[in-house]
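As a plain string of letters, each chain reads:
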Amino acid sequence: MGFAKPARIIAVAFMALWLPACASLPEEGFTMVPRAEAPAFDPIAFFAGRTMGTGKLDKGVLGTVPVRVESVGLVEADGRLVLTQDIYEGEKEVRTRIMTAQAKGQGVYDARLSDVFGPVRIWTRGNMMTVRYTMDGNYDVTQTVTLAPGGQRATNATRIELLGATVAVLSEEIVRAD
């Protein structure tokens, strides 16, 4: 019994070092929008109404699956965005999550995600928005969403890490449907 815990720690550390070499942004079919000072990314304005995201989730040795995210954003009277997202990931059953976000000033947003029990941090700089949170299982998630000129399209590069090693990467293009 005394070896169970150290063996588990070694196994998790080995997986964290082994999996990252397998998860990465796709080499073809996905080009990140370059970082720029303009247009300024206002996530409440961009996600108000309907948006559609399509992309691929690279899970390293577990393979790559298509992802589609259909979102509807409503702006409340107090300026808070309520974003309802239906997420289609490969053959999994559709899941719905709700994000709320409210501007706090200087590109910082107070946010909550229905499927995350800890803090969600959002900030913007120029045409780029960064979202950080921790998922169940202690996976650290960093989303980098970059707004394209014209304000109707954005790219999302999401890294999911365990113990500091990348274990999955989502590459997604998001377009405004309204």
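Just above, that's the structure.
Residues numbered from 1 in each chain as written. Predicted model: local features only at pLDDT ≥ 70, side-chain atom pairs only at ≥ 80, totals over all residues. Heavy atoms only, no water.

How would you sum up the sheet that holds strand S7 (residues 128-135)? Please name residues and give values.
Strand order around the closed barrel formed by 10 strands is S1-S2-S3-S4-S5-S6-S7-S8-S9-S10, with antiparallel pairing between neighbours. Strand after strand, the sheet turns through a mean of 25° between neighbouring axes, direction not considered. Relative to strand S3 (residues 81-89), strand S2 (residues 64-75) runs antiparallel, the two sharing nine bridges. Bridging across to S3, Leu-74 finds its partner in Val-82. (Pairing = 2+ DSSP bridges. Helix = DSSP H or I, 4+ residues; strand = E, 2+ residues; numbered from the N terminus. Axes fitted to C-alpha atoms, helices over the stretch in contact; angles between N-to-C directions.)

So what's going on with the pattern of salt bridges? Which residues, and what values?
Oppositely charged side chains are able to pair whenever their charged atoms sit close together. Evaluation of the coordinates by the stated rule reveals eight salt bridges. Across the salt bridge formed by Lys-59 and Glu-89, the nearest N and O atoms sit 2.9 Å from each other. With Lys-59 in the loop between strand S1 (49-58) and S2 and Glu-89 in strand S3, the pair connects residues that are 30 residues apart, well separated along the chain. Overall, Glu-89 belongs to the buried group, its relative accessible area being 11%. Of the charged contacts in the structure, one is a salt bridge between Arg-153 and Glu-173, with a shortest N-O distance of 3.0 Å. A residue pair is termed long-range when its members are at least 10 positions apart, and Arg-153 in strand S9 (residues 153-162) and Glu-173 in strand S10 (residues 165-176) qualify at 20 residues. Residue classification places Arg-153 among the partly exposed positions, given a relative accessible area of 30%. Each of Lys-59, Glu-89 and Lys-92 takes part in a single network of salt bridges with overlapping partners. (Salt bridge = Lys/Arg side-chain N within 4 Å of Asp/Glu carboxyl O. Buried < 20%, exposed > 50% of the residue type's maximum accessible area, 1.4 Å probe, protein only.)

Remember that the coordinates give geometry; whether it matters functionally is a separate question.
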